[in-house]
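# Analysis of the macromolecular model
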Amino acid sequence: MTGRRGPGRALVAASAAGVVVLALVAVLATRHAAPGTSVPSNLGGRPAPPAAGRDLLTGRRVSLAEYRGRFVLVDFFASWCAPCQAEAPALETLAFRDRRELAVFGVAVKDSAANARAFLERTGATWPAVADPGESIALAYGVADPPQSFLVAPDGVVVGQILGQVSVAAVDRLIAAARRAGA
Amino acid sequence: MDGVIGHVGVALGLAGALAAIVALVLGQVLGRRALGATAPTYVAVMVLGGLVAAGVMEHALVAHDFSLAFVAANNSRETPLLFSVTGMWSALQGSILLWTIILSGYLAVLALRLRRRLDDAVVAWALVVGLAVAVFFYALMLGPADPFAATPGVPPPDGAGPNPLLQDNTLIAFHPVFLYLGYVGFTVPFAFAVASLATGRVGEGWLAATRRFALVAWMFLTVGIVLGAWWSYQVLGWGGFWGWDPVENAAFLPWLTATAYLHSVMVQERRGLLRIWNLSLLVATFSLTILGTFLTRSGVVQSVHAFSDSGIGPALLGLFAAAVLGGVVLIGWRGDRLRAPGSIDAAASREGAFLVNNLLFAGFALVVLVGTVFPLFVQAIDGQQLTIGRPYFDAFGLPIGLALLFFMAIAPALPWRKAAPGVLRRRLVVPAWTAVATVAACVGAGLRGLAPLLAFGLAGFAGASALRQLALAAAAARRRGLSPLTGLVGRANGGMVVHLGVVVVAVGLAAASSFGQRAELTLRPGQSARVDGHELTLLAVRSFSDPSRSGSEALVRVDGGGVFRPAIDTFRGDTESVGTPSIDSGALDDVYLSPVEITPGRQVVTLDVVVQPLVVWLWIGGALVALGALLAALPGRRRRPTDPASLLFPELAEELPPAVGAVR
């Protein structure tokens, strides 16, 4: 910086900086997004935490434990969450395709019971869904933000997790994988 | 409906920016002046589009239009008006919208100021570069960061509401806006740097023409950073104000390089030196604003500010790569031919001191950058997770900060070119004795510890040096028959006010971080406890509930005077409780009451109490820095004709701010 040194100094410095920046960009481009809301659950292979309460639509008591013997998709949702609305048709299909194979069990998270009930009525959901006032269910499943779903095998063990919107294909894949694993 | 109009606004903005680019490029390439002269009209169209989009977003937020997914996720019917308005920048898509309209505004000011010079290649290409950045952000809003995406299906009856941390304090309304005004403002000097390099016209003072943009952007960035620190102090409840979080570093990095630039650009104006260095600093500053945004918005680093799950990471990384590599290629291609003749004559000169200052700032930036991205490199190489925390940053930051204080004292007293023997001694005798007296007084008052005593002493040194300069400027103004207050105006004198602000901040920082006390108290109503000389009495524990939140608060009387109410709130629709600290702020110290547990039923309160001296001076110092930067941006004394003016086109003088263009 002081005085005239040999020509090409800017070129050398710029090249060096360029190499460093390329390395930086390469590293940054290959990093996966850090787990923000999408923390893979460590529930896999463990018994599903209990979930029970009054059904938001019918008012009768429902519990996840009643569904032992079938696959259950435990779906955490909220009325304000856009993907939760978008996934409603997929849930509808899953809930009524073969009731002996798979049941859907909704848990409203970060939402008031009234809003969640209105949401269910609007989307035409007729599967059991409970409110989670103390967030104890969401906490047990480690759910911070809806939508998030867990597939519980007939023996009551968590065998899969879907972060974000549910699709029929994703659930089918999880069921198939669980079957292969001998569930 | 809002969604449709919003999309139209964004598309209009994009079209305006593209049209302006086409007009300018064709005007340059074909040599058609008239074509280039139409660009300001298209810039106006771009601004209009941006304003429509922002207006629609605000309307949707205030009217709780949950048919927009962004509104449904960040607003609820109970959200107060202020936080509905500020909801625009409470999440990713809206903050990109804010970024875009601020950038559009800056470009509009630029196009307006230089509308008669648009046929000049440097101006035209600079505007093209700025507009290209605008195109990038408008395009982001049509793609991965669409603020006007519709809620699928039927709109929900109510939204989720903003993050509870973002609806508790009015500072949040202003911190992001100032930060973005700062971040985005550096686009203009960057654009001129690229244009100067591309056209090979480095020595012409176009950097000086954009100095005021850089100064204003720097002021906004400073205010944004200070407000962020203040907000985190008031809201987050840990009693601290700076945590070396990646997003804080992301704001601090461009601040460091911009501060270096604001000093070294003076060397270029006075002596014509350091041209390539200055351009490099501008490229670095702009690139760092983008890198910082990438780091915090892509989710590659964990941060309290990270918006996860966004698809804009790759795009931002691409912009960062393009900006840096473009700059690097231009500098490599042009740099050696554009180097200024001449050199710095003596180390003991103003330019020598600026050079040291620049090396310190650049070194500081490197340290912070390495600390921020190093964990990613480690992870890339051997898959290890690693975090770099406070000790690393403090270990480097403390000596660099002290060295900066030292040079801050010496530099203003040094003459340009070469200091005659004895000059420095004569000019610094009073500041040096002030430093000695400060240290003696601190030791006498019972303060111990090498770092804080050094900091106080050097702060006295630098503060006295800055005051001496201001006193001289006031005396000179008086001699010329002007009010002594004009001695505060202009770059050099405003700069000294900035220095005073930095000294105040440094004192507050050293005191708060060295002499803070922390205690955890469990109290029942009627009980008292003493923490670091302060008497705290718990008066009562109460529950409260209103439409937007419910919770419990403790009423604590501090020193027999005011009653403070640390609380634990639960916002409606949210499960996490948020502790709201309450602070008894004083000139000498702050008593920070942060709730750990408040149980109204059992009438027991556990509080985390932090007593830190001089915290309030951090904010006062920050305000002083901003004031100084404003004064520096005002036109000061005219340039002396003997000074080597970097402006080669006197006819530009009318177009340019007087401080830059006043060649008589």
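Rules and cut-offs
- Each chain has its residues counted from 1, running along the sequence as written.
- Each chain gets a letter, beginning with A, and each ligand a number, beginning with 1, in the order they are written.
- Per-residue local features of the predicted model are confined to residues with pLDDT of at least 70, and side-chain atom pairs are confined, for both listing and counting, to 80 or more; whole-chain, interface and lining totals are unaffected and use all residues.
- Only DSSP runs of H or I with at least four residues qualify as helices, and only runs of E with at least two residues qualify as strands; both kinds are numbered from the N terminus onward.
- Three exposure classes are used. Buried residues have 20 or more other C-beta atoms within 10 Å of their own C-beta, exposed residues have 12 or fewer, and partly exposed residues fall in between, all C-beta atoms being placed from the backbone.
- Throughout, a pair of residues is in contact if the C-beta atoms placed from their backbones lie within 7 Å.
- Paired strands are those between which DSSP finds at least two bridges.
- The span one expects for a helix is its residue count, reduced by one, times 1.5 Å.
- Here an axis means a line fitted to C-alpha atoms, over the contact stretch when the element is a helix, while the angle between two N-to-C directions is reported on a 0 to 180 degree scale.
- Convention used here: angles under 35 degrees read as roughly parallel, angles over 145 as roughly antiparallel, angles from 65 to 115 as roughly perpendicular, and any remaining angle as oblique.
- Put simply, a crossing is left-handed when the front helix is turned counterclockwise from the back one by less than a right angle, and right-handed when it is turned clockwise.
- Residue ranges assigned to the domains are those given by an automatic or database domain assignment.
- All residues other than Ala, Val, Leu, Ile, Met, Phe, Trp, Tyr, Cys, Pro, Asp, Glu, Lys and Arg, Gly among them, are scored as polar; the first ten of these are nonpolar and the last four charged.
- pLDDT: the predictor's confidence for each residue, scored from 0 to 100.

## Regarding the overall build of chain B
Helices and strands together make up the secondary structure of chain B, namely 21 helices and ten strands. Counting across all 664 residues of chain B, residues that qualify as buried make up 55%. Considering only intrachain contacts with a sequence separation of at least 6, the fraction spanning at least 24 residues in chain B is 71%.

## A closer look at the overall build of chain A
Looking only at helices and strands, one finds six helices and seven strands in chain A. Tracing chain A from N to C terminus, the helices and strands come up as α-β-β-β-α-α-β-α-β-α-β-β-α.

## As for the pairing of strand S3 (residues 534-546) of chain B
All names here are of chain B. Direction of pairing for strand S2 (residues 528-531) relative to S3: antiparallel, over a ladder of four bridges. The partner of Arg530 across the bridge, within S3, is Glu535. A loop of two residues connects S2 with S3, the two strands running antiparallel in sequence, and Asp532 in this loop sits at a positive phi of about 50°. Pairing of S3 with strand S4 (residues 549-558), which is carried by ten bridges, proceeds in the antiparallel orientation. Its bridge partner lying in S4, Arg542 is registered against Glu553.

## Section: helix H6 (residues 92-113) of chain B
Compared with the 32 Å implied by 1.5 Å per residue over 22 residues, the 32 Å span of H6(B) between its first and last C-alpha is a close match. Extensive coverage of H6(B) is indicated by the burial of 17 of its 22 residues.

## Thoughts on the packing of helix H1 (residues 2-29) of chain B against helix H3 (residues 39-62) of chain B
Residue and element names in this part refer to chain B. It is the contact of H1 with H3, at a shortest axis distance of 7 Å, that shows an interaxial angle of 160°. Put simply, H1 runs roughly antiparallel to H3. In this structure, H1 crosses over H3, and the sense of that crossing is left-handed.

## Observations regarding the domain arrangement of chain B
Segmenting chain B into domains produces domain 1 (1-161) and domain 2 (518-613). On a C-alpha basis, the centroid separation for the pair domain 1 of chain B and domain 2 of chain B is 43 Å.

## Notes on the packing of helix H15 (residues 350-382) of chain B against helix H16 (residues 390-410) of chain B
Residues and elements named next belong to chain B. Packing of H15 against H16 brings their axes to within 10 Å, and their N-to-C directions diverge by 165°. When the axis of H15 is compared with that of H16, the two are roughly antiparallel. For the pair H15 and H16, the sense of crossing is left-handed. For the pair H15 and H16, contact is made by Ala353, Val356, Asn357, Leu360, Gly363, Phe364, Val367, Val368 and Gly371 and by Tyr392, Phe393, Phe396, Ile400, Ala403, Leu404, Phe407 and Ile410, respectively. Looking at the contact of H15 with H16 residue by residue, the classes come out as 14 nonpolar, three polar and no charged.

## Overview of the sheet that holds strand S10 (residues 604-613) of chain B
Residue and element names in this part refer to chain B. Ordered in space as S1-S10-S9-S8, the four strands form an open sheet in which the pairing is antiparallel. The sheet is open, and its two edges are formed by strand S1 (517-523) and strand S8 (582-585), each paired on a single side. Strand-to-strand twist of the sheet, defined as the mean angle between neighbouring strand axes without regard to direction, takes the value 20°. Alignment of S1 against S10, held across seven bridges, turns out to be antiparallel. If you follow Gln517 over to S10, its bridge partner there is Val611.

## Focus on unusual backbone geometry
All names here are of chain B. Even without glycine at this site, His64 takes up a positive phi of about 50°. The residue His64 is located in the loop between H3 and helix H4 (69-74) in this model. We classify His64 as partly exposed; it has 18 C-beta atoms within 10 Å. Within the chain, Leu274 stands out as a residue other than glycine whose phi angle is a positive 60°. As for its placement among the helices and strands, Leu274 is situated in the loop between helix H12 (246-271) and helix H13 (275-297). Here Leu274 falls in the buried class, since 25 other C-beta atoms lie within 10 Å of it.

## Let's talk about helix H7 (residues 121-142) of chain B
The terminal C-alpha atoms of H7(B), which comprises 22 residues, lie 31 Å apart, in line with the 32 Å expected from a rise of 1.5 Å per residue. Taking burial as the measure, the 22 residues of H7(B) include 16 buried ones, the bulk of the element.

## Topic: the sheet that holds strand S5 (residues 129-131) of chain A
Residues and elements named next belong to chain A. Spatially, five strands are ordered S5-S4-S3-S6-S7 in an open sheet, and the strand pairing comes out mixed. Of all strands in the sheet, those with a lone pairing partner are S5 and strand S7 (158-163), marking the two edges. The mean angle between the axes of side-by-side strands here comes to 20°, regardless of whether they run parallel or antiparallel. Bridge analysis of strand S4 (residues 102-108) against S5 gives three bridges, and the strand direction is parallel.

## Quick notes on the confidence of the model for chain A
Residues and elements named next belong to chain A. Mean pLDDT over chain A stands at 81; residues scoring 70 or higher make up 90%. Every residue in residues 1-7 scores below 50 in pLDDT, and together they form seven contacts with partners more than four places removed in sequence or on other chains. When the criterion is pLDDT under 50, residues 34-39 qualifies, and its contacts beyond four places in sequence or with other chains add up to 15 contacts.

## Focus on the environment of B:Val423
Secondary-structure assignment places B:Val423 in helix H17 (residues 423-444). Sequence separation between B:Val423 and B:Ala413 is ten residues, and the spatial gap between their C-alpha atoms is 8.4 Å.

## Details of the confidence of the model for chain B
Residue and element names in this part refer to chain B. Residues with a pLDDT of 70 or more make up 90% of chain B, whose mean pLDDT is 85. Within chain B, H3 carries the highest mean pLDDT (96), whereas helix H21 (residues 658-661) carries the lowest (41). Scored below 50 in pLDDT, residues 638-664 shows 43 contacts in the model against residues more than four places distant or in partner chains. At the level of chain-chain contacts, confidence expressed as ipTM amounts to 0.71, with global pTM at 0.79.

## Focus: the environment of B:Val373
Structurally, the position occupied by B:Val373 is in helix H15. Taking the C-alpha atoms as reference points, B:Val373 and B:Leu295, 78 residues apart in sequence, are found 8.8 Å from one another.

## Focus: the environment of B:Val8
One can find B:Val8 in helix H1. Between the C-alpha atom of B:Val8 and that of B:Ser196, which follows or precedes it by 188 residues, the distance is 35 Å.

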